[in-house]
Amino acid sequence: MKLKYIKDVTVATAILFAMPSCDSFLDTTPEDLRSPEQIFSTYSSTENAMFGVYNYLRNVYPWNMPDTYSTSDNDVVYTNVQTFDLGQWDPTGSYYEKWTSFYKYIREATYFLQNLDKCQDTQLDQATREQWRAEVRCLRAYYYAQLMRMYGPVILLKDEQPDFTGTDMQRERDTWDECVEWISNEFWDLANNPYLPVVQEGNNYGRMSQAIALGYRARILLQSASPQFNGNPQYANIRKKDGTPLFPTSYDANKWELARQAAQDVIDLGYYELVKKYYEDGEDEGVIDPYSSYKSVFTESQNKEMIFSFLEDNGTVDNRLTPNSLSCWGGGHNPTQEIVDAYAMDNGRYPIIGYTTADRDVPIIDEESGYSEEGFSTFSNPMSATITTKNDNAKTFNMYVNREPRFYVSVFYGGMYWFPKKTSEQIYLEMFKNGNNGPDASHNHYSTGYNMIKLASPEYEANPRKNVKRELPYMRYAEILLNYVEAAIELNQLDDPNLFTYWNMVRERAGLCGILEAYPEAAGDQIQLRDLIHRERRVEFAFEGLHFYDTRRWLTAEETEKGNMHGMNIQASGKSGSNEYPEDFFKRTVFEKRVYNASYNLFPIPQSVMEKNPALVQNYKW
């Protein structure tokens, strides 16, 4: 039986799953909304009900969430993001409040599971019925995992469908360990469910699979092992009414072992691999091409690195990256100087060791890296060579010369031509004052003097608009490999042969030497290796949403996410049409001073929810 591709169902379920606003949702019972006899009467209506639970994935589109917007990697000119970055949010009004939404999604999943067997249509055979049941269970576990990522311990409803209008929902949060145990067990059971596809492929692409269950189990176990949730003294006094701590009060090293094994469980599937492309001619024939390899992760459909992906066909991300002068919304994802500093040099060493002050105004440079912030060179951007020769032998600030391949795939810097494949849109992009996309040209400008191009599709056309159907990563195989590496380092099992094998697989694809070749002094040094794996994750997953939660679970966000944020000097005046940047553009410049404190490591439970449920305990310092 051929199953429908998930992207076709968003409109079909819009009316069926029409709901009141999130604010009033908890005052409504499922029976008030629709009749189960109607919804589960036929194969088609039941399938639509399942797709309705899937449809909620689009409500947590990652490039509309703080994961990709509100980090020290990125700046967005849109007002709502700025207020979040400046600390202008609290339990009475958080732009990214999802507590109520996720419980809505969880409730819909449970409602489907409780009523699925009401469908007696003979077209619905037992195998398909059980696959749908497993898919929706997996979706429900995913929604719980996302809820826990934001809020910590939650109320586990499991298979209950409580009365949302009465006192039945006035219950306490379960402890963090109880939540992790239930969610990880649910994912494990689903990973061994014979009715759930092993991976998303063919007609099941974009749908839940055993591999997705294993991947999210690995992610939540890594989160649980991390300092934020593993004996964090800040959370010691957040307790239930009877005094039971909601968070673990002591460190448990075995949680890292569970995280390491969970990552290995995904690896042992033997299905996933890093996307690799090879040079086809010349002296490098047969050698990995790190530029097309890394870029292809985000442009090649149904590649075997994607464990779970978002299927985008409306051009939202491309529109936010393409210059405003081409009638788009340029300024949607502006890399900061902080993320530019994070990329390694082509010799594999990170150029910036640290900063002289907490505000990161003056960098401390690793002299062995070969990095310089003085002067200019004639340089060809290696990423744009396959599309246009306009960026060949260009005057380039030395900060951008001889960086690692992931930098050129990810970051657009001053002095370059925009390089989509449509020749008429290959404009010289002027991000300075008086320029075609400078701060005085439009509100939608590049506030940091950089543009993120990692997720930009060269096939996108701005005018007339031609959107590109493609995938954006929720989770990919590189994360699993580096999850294993991090867990092994935290266990201080530095002789684990897989530690450097998995780490160097990621670096090899990125065109870099092995980590100990770049840093021989790090051999046997847990503290330095911890720092290096944190750096590797930040660069490999830049702009994908992982850094937001990584800094929180590492308890490093108070260092990296607050204070002065830097870019280039976009107020430097230049001459439009000259195909040249003013030299004073290339100067570290503060564009924003951000607010961050320890309470931000978790989101606050909405005050409206707290008032309805007096059994709840609020998160740390909210």
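Reading the values: the criteria
As a convention, each chain's residues are numbered from 1 in the sequence order in which they are written. Restriction of local features to residues with pLDDT of at least 70 applies here, the model being predicted, together with a cutoff of 80 or more for giving and counting side-chain atom pairs; totals for whole chains, interfaces and linings are based on all residues. Based on all heavy atoms of the structure, the side-chain values leave hydrogens and waters out of the count. Secondary structure counts use DSSP, requiring at least four H or I residues in a row for a helix and at least two E residues in a row for a strand, with both numbered from the N terminus. Note on classification: 1.4 Å probe, protein chains only; a residue is buried when its accessible area is under 20% of the maximum for its type, exposed when over 50%, partly exposed between these limits. Throughout, a contact is declared for two residues whenever any of their heavy atoms are within 4.5 Å. Between Lys or Arg on one side and Asp or Glu on the other, a salt bridge is scored when a side-chain nitrogen of the former is within 4 Å of a carboxyl oxygen of the latter. Within this scheme a cavity is a closed region of a 1 Å grid, computed over the protein atoms alone, that accommodates a 1.4 Å probe without allowing it to escape, whereas a pocket is open but has protein on both sides within 12 Å along at least five of seven lines; lining residues each have an atom within 4 Å of a point. Grid points are joined across faces, edges and corners, and a volume is the space filled by probe spheres set on the points. Under the grouping applied here, Gly and all other residues not named as nonpolar or charged are polar, the nonpolar ones being Ala, Val, Leu, Ile, Met, Phe, Trp, Tyr, Cys and Pro and the charged ones Asp, Glu, Lys and Arg. By this rule, a helix spans an expected 1.5 Å times one less than how many residues it contains. Counting of polar contacts relies on pairs of N or O atoms within 3.5 Å, with two restrictions inside protein: one atom must be capable of donating a hydrogen and the other of accepting it, and residues adjacent in sequence are counted only when both atoms are side-chain atoms. Only a pair of cysteine sulfur atoms within 2.5 Å counts as a disulfide in this structure description. Among the buried residues, those of types Ala, Val, Leu, Ile, Met, Phe, Trp, Tyr and Cys that are joined through side-chain atoms within 4.5 Å form a nonpolar core. Only the contacting stretch of a helix is used when fitting its axis, a line to C-alpha atoms as for every element, and angles between N-to-C directions run 0 to 180 degrees. The scheme is simple: roughly parallel for angles under 35 degrees, roughly antiparallel for over 145, roughly perpendicular for 65 to 115, oblique for anything else. Crossing handedness follows the turn of the near helix against the far one: under a right angle anticlockwise gives a left-handed crossing, and clockwise gives a right-handed one. We call Phe, Tyr and Trp rings a pair once their centres come within 6.5 Å, taking the six-membered ring for Trp, and we label the pair stacked below 30 degrees between planes, edge-to-face above 60, and tilted otherwise. Scored between 0 and 100, pLDDT is the confidence that the predictor attaches to each residue.

We now examine the overall build of the chain. When helices and strands are counted, the chain shows 22 helices and twelve strands. Projected onto its principal axes, the C-alpha coordinates of the chain cover approximately 70 × 55 × 50 Å. When each of the 622 residues of the chain is scored for burial, the buried share is 63%. Across the chain, contacts joining residues at least 24 apart in sequence account for 72% of those joining residues at least 6 apart.

So, on to the pattern of salt bridges. Overall, the coordinates contain 50 salt bridges when judged by the stated rule. One salt bridge in this structure joins R507 and E536, with 2.8 Å as the shortest N-O distance. You can see R507 sitting in helix α17 (residues 497-509) and its partner E536 sitting in helix α19 (residues 526-540), a full 29 residues away along the chain. For R507, a relative accessible area of 0% translates into the label buried. Each of E305, E404, R406, K454, R476, R507, R509, E536, E540 and E544 takes part in salt bridges that share partners, so that together they form one network.

Structurally, Y56 can be placed in the loop between α4 (43-55) and α5 (66-69). The spatial distance from the C-alpha of Y56 to the C-alpha of D495 is 44 Å, given a sequence separation of 439 residues.

Here the focus is empty space enclosed by the protein. Across all of its chains, the model carries nine cavities of 30 Å³ or more by this definition. By volume, the largest cavity amounts to about 240 Å³. Every residue lining the largest cavity is counted, 21 residues in all, and those nearest its centre are D67, R149, R219, Y474 and E544. When contributions to the lining of the largest cavity are tallied by element, the ones reaching two or more residues are α8 (126-151), α10 (210-225), β10 (470-476) and α20 (546-553). Among the residues forming the lining of the largest cavity, the class breakdown is 13 nonpolar, two polar and six charged.

An α-helical turn contains 3.6 residues, so any two residues separated by three or four positions project in the same direction. Counted at 1.5 Å a residue, the expected span for α19 with its 15 residues is 21 Å, and the 21 Å between its end C-alpha atoms agrees. Looking only at α19, the buried set comprises Q526, L529, L532, I533, H534, R535, E536, R537, R538, V539 and E540. At the N-terminal boundary of α19, the capping side chain belongs to D525, with an oxygen 3.1 Å from the backbone nitrogen of I527.

This next bit is on the environment of A615. Counting through the fold element by element, A615 comes out in the segment after α22 (607-612). Each C-alpha atom, one on A615 and one on E583, is 60 Å from the other, the two residues being 32 residues apart in sequence. Sequence-distant contacts of A615, defined by excluding residues within four places in its chain, comprise Q170, R171, E172 and K241.

A separate point is the state of the cysteines. Scanning all chains against the criterion turns up zero disulfides. With no disulfide of its own, C179 lies closest to C138 among cysteine sulfurs, the gap being 18 Å. Take C179: its relative accessible area is 0%, and that puts it in the buried class.

Turning our attention to unusual backbone geometry. Going from N463 to P464, the amide bond is cis rather than trans, its omega being -10°. Positive phi, close to 60°, is recorded for R360, a residue that is not glycine. Along the chain, R360 falls in the loop between β4 (352-355) and β5 (363-365). Of note, K621 is a non-glycine position whose phi angle comes to about 60°, a positive value. With respect to the element layout, K621 can be found in the segment after α22. By relative accessible area, K621 is classed as exposed at 65%.

A word on the nonpolar core. In this structure, F112, Y143, Y400 and W503 are the most contacted members of the largest nonpolar core, which totals 190 residues. Residue contributions to this core peak at 14 residues, all from α8. Dropping the residues within four chain positions of it, F112 is found in contact with F40, T46, A49, M50, V53, W132 and V136.

Empty space within the largest pocket amounts to approximately 770 Å³. Of all the secondary structure elements, the ones that give two or more residues to the lining of the largest pocket are α14 (337-342), β4, α16 (477-490), α19, α20 and α21 (557-560). Ranked by the residues each element gives to the lining of the largest pocket, the list is headed by α19, at five residues. Residue composition of the lining of the largest pocket, by class: eight nonpolar, eight polar and ten charged. What the second largest pocket holds in volume is close to 440 Å³. Considering the residues around the second largest pocket, the lining is formed by 21 residues, among which S292, K295, S296, M383 and T386 are closest to the centre.

Attention now moves to the packing of α17 against α19. Taken N-terminus to C-terminus, the directions of α17 and α19 make an angle of 40°; their axes are 12 Å apart at the nearest point. As judged from the angle between their axes, α17 and α19 are oblique. Classified by chirality, the crossing of α19 by α17 is left-handed. Here α17 contributes F500, W503, V506, R507 and R509 to the contact with α19, which in turn contributes L529, L532, I533, E536 and E540. In terms of residue class, the contact of α17 with α19 is made up of six nonpolar, no polar and four charged.

Before going further, it helps to spend a moment on the packing of aromatic side chains. Taken as a whole and judged by the stated rule, the model has 60 aromatic pairs. On the basis of an interplanar angle of 80° and a centroid distance of 5.7 Å, the ring pair of F102 and Y105 is categorised as edge-to-face. Placement of both F102 and Y105 in helix α7 (residues 99-115) is noted, with a separation of three residues, approximately one turn of the helix. Residue classification places F102 among the buried residues on the basis of a relative accessible area of 1%. With a relative accessible area of 3%, Y105 lands in the buried category.

This part is about the confidence of the model for the chain. Summing up the model confidence of the chain, the mean pLDDT is 91 and the portion of residues at 70 or higher is 94%. Segment residues 1-33 is flagged for pLDDT under 50; beyond a separation of four residues in sequence, or across chains, it makes 75 contacts in the model.

A few words on the packing of α16 against α19. Contact pair α16 / α19: the axes reach a minimum separation of 10 Å and the direction vectors enclose 165°. The angle between the axes of α16 and α19 places the two elements in the roughly antiparallel class. Where α16 crosses over α19, the handedness of that crossing is left-handed. Here A478, E479, L482, N483, V485, E486, I489 and E490 of α16 come into contact with α19, specifically with Q526, L529, R530, I533, E536, R537 and E540. Residues belonging to the contact of α16 with α19 are distributed by class as follows: six nonpolar, two polar and seven charged.

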